[in-house]
Amino acid sequence: MDKLLIRGGQRLNGSLAISGAKNAALPDLCAALLVPGPVTLTNVPRLQDVATTLKLLRQMGCEATWSEDPAQRNTLTLDAAGVNNPVAPYELVKTMRASILVLGPLLARFGVGVVSLPGGCAIGSRPVDQHIKGLQAMGAQIVVERGNIIAKVGRLKGARITTDMVTVTGTENLMMAATLAEGETVLENAAQEPEIADLATLLISMGARIEGLGTSRIRIQGVDALHSPAAPHDIIPDRIETGTFLCAVAATGGDVVLNKADAGLLEAVIEKLREAGAVIEAGSGFIRIRADGRPRAVSFRTSEYPAFPTDMQAQFMAVNCIADGAARVSETIFENRFMHVNELLRLGARIEIDGKTALIQGVERLSGAHVMATDLRASASLVIAGLVAEGETVVDRIYHLDRGYEGMESKLRGLGAQIDRVK
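Residues numbered from 1 in each chain as written. Predicted model: local features only at pLDDT ≥ 70, side-chain atom pairs only at ≥ 80, totals over all residues. Heavy atoms only, no water.

> So what's going on with the packing of aromatic side chains? Residues and values would help.
Under the defined criterion, the tally for this structure stands at three aromatic pairs. Feature note: the residues Phe300, Phe308 and Phe316 constitute an aromatic cluster, connected by ring pairs. Over the ring of Trp66 we find Arg46, and its NZ or CZ is 3.8 Å from the ring centre. (Phe/Tyr/Trp six-rings, centres within 6.5 Å; stacked < 30°, edge-to-face > 60°. Lys NZ or Arg CZ within 6 Å of the ring centre and 35° of its normal.)

> Describe helix H9 (residues 267-275), listing the residues and the values that go with them.
Taken residue by residue, H9 has Ala268, Val269, Ile270, Lys272 and Leu273 as its buried positions. Buried-residue contacts for H9 involve helix H8 (239-252), strand S16 (279-283), strand S17 (286-291), strand S18 (300-301) and helix H10 (313-321). The first or second residue beyond H9 is Gly277, which carries a positive phi of 110 degrees. (Buried < 20%, exposed > 50% of the residue type's maximum accessible area, 1.4 Å probe, protein only. Helix = DSSP H or I, 4+ residues; strand = E, 2+ residues; numbered from the N terminus. Contact = heavy atoms within 4.5 Å.)

> Describe helix H2 (residues 48-60), and please don't skip the residues or the numbers.
Along its 13 residues, H2 runs 19 Å from first to last C-alpha, staying within 8% of the 18 Å computed at 1.5 Å per residue. Listing the buried residues of H2 in full gives Asp49, Val50, Thr52, Thr53, Leu54, Leu56, Leu57 and Met60. At the C-terminal side of H2, Gly61 shows a positive phi close to 110 degrees. (Expected span 1.5 Å × (residues − 1).)

> Help me get a handle on the sheet that holds strand S15 (residues 254-259), residues and values and all.
Taken together, four strands build an open sheet; the order of strands is S2-S15-S17-S16 and the sheet is mixed. Of all strands in the sheet, those with a lone pairing partner are strand S2 (12-17) and S16, marking the two edges. Ignoring strand direction, the axes of neighbouring strands in this sheet form an average angle of 10 degrees. Relative to S17, S15 is paired through six bridges, and the arrangement is antiparallel. In the strand pairing of S17, Asn259 is matched with Phe286. (Pairing = 2+ DSSP bridges. Axes fitted to C-alpha atoms, helices over the stretch in contact; angles between N-to-C directions.)

> I'd like to hear about the nonpolar core, residue by residue, with values.
Counting 77 residues, the largest nonpolar core has Leu78, Val102, Met175 and Leu203 as the members making the most contacts within it. Element by element, the count of residues in this core is highest for helix H1 (residues 22-31), at six residues. When sequence neighbours within four positions are dropped, the list of residues in contact with Leu78 reads Leu29, Ala32, Gly37, Pro38, Val39, Leu41, Leu54, Leu57, Cys62, Glu63 and Ala64. Core analysis: the next-biggest nonpolar cluster, separate from the first, contains 67 residues, Ile289, Met312, Leu376 and Ala380 among them. (Core = buried A, V, L, I, M, F, W, Y, C linked by side-chain atoms within 4.5 Å.)

> Quick one: what's the story with the pattern of salt bridges, residue by residue and with numbers?
Counted by the stated rule, this structure contains 25 salt bridges. Arg7 is paired through a salt bridge with Asp420; the nearest N and O atoms lie 3.6 Å apart. Linking Arg7 in strand S1 (residues 3-7) with Asp420 in strand S24 (residues 418-422), this pair joins segments that are 413 residues apart in sequence. Take Arg7: its relative accessible area is 30%, and that puts it in the partly exposed class. Notably, a salt bridge pairs Asp292 with Arg11, separated by 3.0 Å at the nearest N-O pair. Note that Asp292 is positioned in the loop between S17 and S18 and Arg11 in the loop between S1 and S2, a separation of 281 residues in sequence. Given the relative accessible area of 39%, Arg11 is considered partly exposed. Via salt bridges that share partners, Asp2, Asp402, Glu409, Arg421 and Lys423 belong to a single interconnected network. (Salt bridge = Lys/Arg side-chain N within 4 Å of Asp/Glu carboxyl O.)

> Break down the packing of helix H4 (residues 103-110) against helix H6 (residues 168-178) for me, with residues and values.
At a closest axis distance of 7 Å, the pairing of H4 and H6 adopts a crossing angle of 10 degrees. Classified by the angle their axes make, H4 and H6 are roughly parallel. Residues Leu103, Gly104, Pro105 and Ala108 of H4 form the contact with H6, whose own contacting residues are Asn173, Met176 and Ala177. A class-by-class count of the residues in the contact of H4 with H6 yields five nonpolar, two polar and no charged. (Parallel < 35°, antiparallel > 145°, perpendicular 65-115°, else oblique. Nonpolar A, V, L, I, M, F, W, Y, C, P; charged D, E, K, R; others polar.)

In short, geometric facts, not functional conclusions.
Quick look at the structure:
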């Protein structure tokens, strides 16, 4: 099993390119099931979650081909014309909760779908009942038997659906299903994340009729059929990868330019980094961050977009661990998303947990130790902590990291970090 060996204490300087967004790529891949023809995506990140999704789509009968041109290594063409097995088995679904995103497209186009109840990071309960409730409102007959969601319908019908909570994958699944439903579907309490707008842009290029993007009410007028997009769809930059590297520089100090980045996708994070003392400037396609000395401790509360994202909580906590002062971090999205705290304590951090709130007293220095990643974003926080810790830090179980970061250690080495992947 691979590990990361980090020798801390190096400032980060230079530039790197941000990859395409994992959380946009996965629903975009599943959307290819809606059309019996080619769908070409560019800026697709080469991640473990993407590989798992492609394996899932291929076993259904969907073709998926990466470009052979090295200059276009992140270009992918899918063709779901030959899909003949609308089943998502447990052995593929168990590692990735986003696998549930095939259910809406399968029902919409084929009228049937069998999807195993999904797994993924152990960061808390992420129930799929809102997906099921919405599809049932559109006329689907759904039962859950032996760990499988078994769904069938003649043709989905438009409906007004109000989810009990804001759910990103639920909004995406129901939006994809509604594109081929009969009549109009209105999604109330819809999530507003940029990845949903990215998916909708792809669907509209296929002939879908969608309004209300970026608001809590999305209207979809169903059409009889969708078609292949006339041009490749370019996936948006990964705002969480962007925020992770910004936090790394804020912690270590340095001067770094992030290319292919969009500051408009993570305004809440940038505002907090500026409060911490980082100097950040942004323009078309780039963000520059400069940081000197210890950051200032900054308190924050996670919430749905456009507020501070839960996916950045662990990384920013790593910054607070070596900051000047004390900070309070409240987690409102997932109940188990403080599992990185015990590992940060091994590095010398001072953190106390009180229910859904973490109290962090910044220390002047951390000390290298052997730590273990518990989920995707926790692993990124441990890397940031290791970059500033004295001595050597070993981060174990980095298969979590590979699910959501494309070549993280090589990008950090390009900025001057002493970090290596070891067996």
